[in-house]
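Coordinates in review
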Amino acid sequence: MRDLKHLIYFEGLLQEANNALVKQACSEGKLALAYNCSYIPEPLLDVEGCFGVRLRAPGCVNPDLATYYMTNRSCPYSKSILERAFEGGYNFISALIGQECCTTMNRMEQYFEYCKLIPNEKFFTACIDMPIKKGDWYAGYFRRQIEKKIITPMQETYGVDYSEDKLMDAIERHNEICRLITEIGSYRKLDNPTITGYEFHIIQLVTLACPKYLIVDKLRETAEELKTREPDDKPDYRAKVMLVGSEIDDPEFTKLVEMCGARVVADRYCFGSLPGREEIELREGESALTAVARHYLSTSECPRFMNKEKQLQRRSYLKQLVNDYDADGVLYLQMKFCEFWSYERVMGVHDMNEVEGIPCIGVEKEYTMASAGQLRTRFQAFVESIEIKKLQGGKM
């Protein structure tokens, strides 16, 4: 396939957190609001005068200083973010909006304030207490947390306007991004997809790591470009797979999977598009803030929801995605020392293989690509096993 026009540009934006577009937005006087959990509502960070930026740590391989503070048995993602903060990689941010779901991540967020890592007297860290159940009461509790932990501090510290009109405008701009990403991602459903998993991963990450108003024009162009993009005559993959699990911040991981003979057609992991890029529905008589709280709580597929009903619902959702994207198998990925996804991976691999009859393997991974050689061997073997299953019609 011919190269996407803006792909190299997008790749360059992901090389560091303080990329060219972040610097441009900051130079325009906008506030950079950092976050690191998919529970955090993006529209609230993208209101007028602000932009959201998800914290990543590209190229962090030795989080030694962060390990001193957090121990060597802590989540490598959290340690990498803290290490990059010690290095001064996030000096541009005005606030860090976190959550109290994950103890390790919450501790990392607290160190931003304890160690005074950001050279900004107004900088603050806010941690939202997320409900662990879904329903109207829990959505109301989530809304009150948003008001207390995000809106009030932002109004008092920086004078940000969270009026109904401003929130509605932020939601509409957010929904356009969701429509574009959904459209771009839909080409993965084709018999012979006209976009690779690596390309889509790059595009999705850019919408999280850059000011949206500065990339939306290029997303529109990419969506138009894909309407006429022709696939290769002969597919360069042997199986279609779906990635499920913890955050994958390095698109090179997706490229590694695809170099092993697979095509990644669905991204059901933290900060992937499934879920994550659904439009926020504005119901009649409902305020913008209520709509945001309801949407983020109802669409979340986080394994933190541990009741049996939600576990079964997540399994059903994965099966539906496998059917919708015509995936031949599932790769369950767990960030090392991630408690929630460790439980989910064990149950998920069993359920996919034994209950649903869908080829599936589980993999524990580092935040970086340090163990690429071992992963390559496992992925190659998995693709071969899918091919054998297709030929024999048997179980893995």
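Here's a quick rundown of the structure. A quick note: this is a predicted structure, and the numbers were derived from the prediction, not measured.

Residue placement: Pro211 occurs in the loop between α9 (197-209) and α10 (216-227). C-alpha separation for the pair Pro211 and Cys26, spaced 185 residues apart in sequence, amounts to 9.7 Å. Apart from residues lying up to four places away in sequence, Pro211 is in contact with Leu21, Val22, Ala25 and Phe51.

If you look at the biggest cluster of nonpolar residues, it comprises 116 residues, and the most contacted ones within it are Tyr90, Phe112 and Met154. Sorting elements by how many residues they give to this core places α9 first, with 8 residues. Those residues in contact with Tyr90 that sit more than four places away from it in its chain are Ala17, Leu55, Arg56, Ala57, Ile81, Arg84, Ala85, Phe112 and Ile118.

Side chains carrying opposite charge are able to pair once their charged atoms draw close together. All told, the structure shown has 29 salt bridges when counted by the stated rule. Close ionic contact of Lys212 with Glu42 constitutes a salt bridge, the shortest N to O distance being 2.8 Å. You can see Lys212 sitting in the loop between α9 and α10 and its partner Glu42 sitting in helix α3 (residues 42-45), a full 170 residues away along the chain. A single burial state applies to Lys212 and to Glu42, both of which are buried. A salt bridge links Glu356 to Lys319; the nearest nitrogen and oxygen atoms lie 3.2 Å apart. Taken together, the positions of Glu356 in the loop between α14 (339-355) and β8 (360-365) and Lys319 in helix α13 (residues 308-324) put the pair 37 residues apart, joining distant regions of the chain. For Lys319, a relative accessible area of 37% corresponds to the partly exposed category. Via salt bridges that share partners, Glu42, Asp46, Lys212 and Arg277 belong to a single interconnected network.

Here we take up the sheet that holds β8. Taking strand neighbours across the sheet as the criterion, the 4 strands line up as β6-β5-β7-β8 in an open arrangement whose pairing is parallel. Single-partner strands in this sheet number two, and they are β6 (262-269) and β8. Averaged over all neighbouring strand pairs, the angle between strand axes comes to 25°, with direction disregarded. Bridge count for strand β5 (residues 239-245) against strand β7 (residues 329-335) is 5 bridges, and the pairing is parallel. Across the sheet, residue Leu243 finds its bridge partner in β7, namely Leu331. α13 rests against β5, β6 and β7 of the sheet, and its axis sits at about 155° to β5.

In this section: the sheet that holds strand β4 (residues 124-128). Here 4 strands make up an open sheet; going across it, the order is β2-β1-β3-β4 and the pairing parallel. Edge strands, defined here as strands with exactly one partner in the open sheet, are β2 (50-54) and β4. If you compare each strand with its neighbour and ignore which way they point, the axes differ by 25° on average.

Before going further, it helps to spend a moment on the pairing of β2. Most of β2 is tucked away: 5 of the 5 residues are buried. Both faces of β2 are covered, namely the face carrying Cys50, Gly52 and Arg54 and the face carrying Phe51 and Val53. In this sheet, β2 lies alongside strand β1 (residues 31-35) in parallel orientation, the contact comprising 5 bridges. Within β2, the position partnered with Leu31 by the bridge is Cys50.

A few words now on helix α6 (residues 103-114). In a regular helix each residue adds 1.5 Å, so 12 residues correspond to 16 Å; α6 covers 16 Å between its end C-alpha atoms and thus fits that length. If you check which residues of α6 are buried, you get Met105, Asn106, Met108, Glu109, Tyr111 and Phe112. Residues of α6 that are buried make contact with α4 (64-70), α5 (76-86), β3 (95-99) and β4.

A few words now on a nonpolar patch on the surface. On the surface, Leu65, Tyr68 and Tyr69 cluster together into a nonpolar patch covering about 340 Å² of accessible area. Along the chain, Leu65 falls in helix α4. Assessed through its relative accessible area of 37%, Leu65 is described here as partly exposed.

Let us now look at the packing of α13 against α14. The N-to-C vectors of α13 and α14 enclose an angle of 55°; their axes lie 11 Å apart at closest approach. Judged by the inter-axis angle, α13 sits oblique to α14. Crossing of α13 against α14: the hand is right-handed. Residues Gln311, Arg314, Arg315 and Leu318 of α13 touch α14, and the partners they reach there are Glu344, Met347, Asp351, Met352 and Val355. Each residue belonging to the contact of α13 with α14 can be placed in one class, and the counts come to 4 nonpolar, 1 polar and 4 charged.

For the peptide bond that leads from Leu274 to Pro275, omega is -5°, which places it in the cis range. Tracing the backbone shows Pro275 in the loop between β6 and α12 (288-299). The phi torsion at Phe271 lies on the positive side, around 70°, for a residue other than glycine. Relative to the helices and strands, Phe271 is located in the loop between β6 and α12. A relative accessible area of 10% places Phe271 in the buried class.

Reading the values: the criteria
Residues numbered from 1 in each chain as written. Predicted model: local features only at pLDDT ≥ 70, side-chain atom pairs only at ≥ 80, totals over all residues. Heavy atoms only, no water. Helix = DSSP H or I, 4+ residues; strand = E, 2+ residues; numbered from the N terminus. Contact = heavy atoms within 4.5 Å. Core = buried A, V, L, I, M, F, W, Y, C linked by side-chain atoms within 4.5 Å. Buried < 20%, exposed > 50% of the residue type's maximum accessible area, 1.4 Å probe, protein only. Salt bridge = Lys/Arg side-chain N within 4 Å of Asp/Glu carboxyl O. Pairing = 2+ DSSP bridges. Axes fitted to C-alpha atoms, helices over the stretch in contact; angles between N-to-C directions. Expected span 1.5 Å × (residues − 1). Patch = residues over 30% accessible without salt bridge, like charges linked within 9 Å, V, L, I, M, F, W, Y side chains within 5 Å. Areas by Shrake-Rupley, 256 points an atom, 1.4 Å probe, with all protein chains shown as cover. Parallel < 35°, antiparallel > 145°, perpendicular 65-115°, else oblique. Left-handed = near helix turned anticlockwise from the far one by under 90°. Nonpolar A, V, L, I, M, F, W, Y, C, P; charged D, E, K, R; others polar.

Take it as geometry only, folks, not as evidence of what the structure does.
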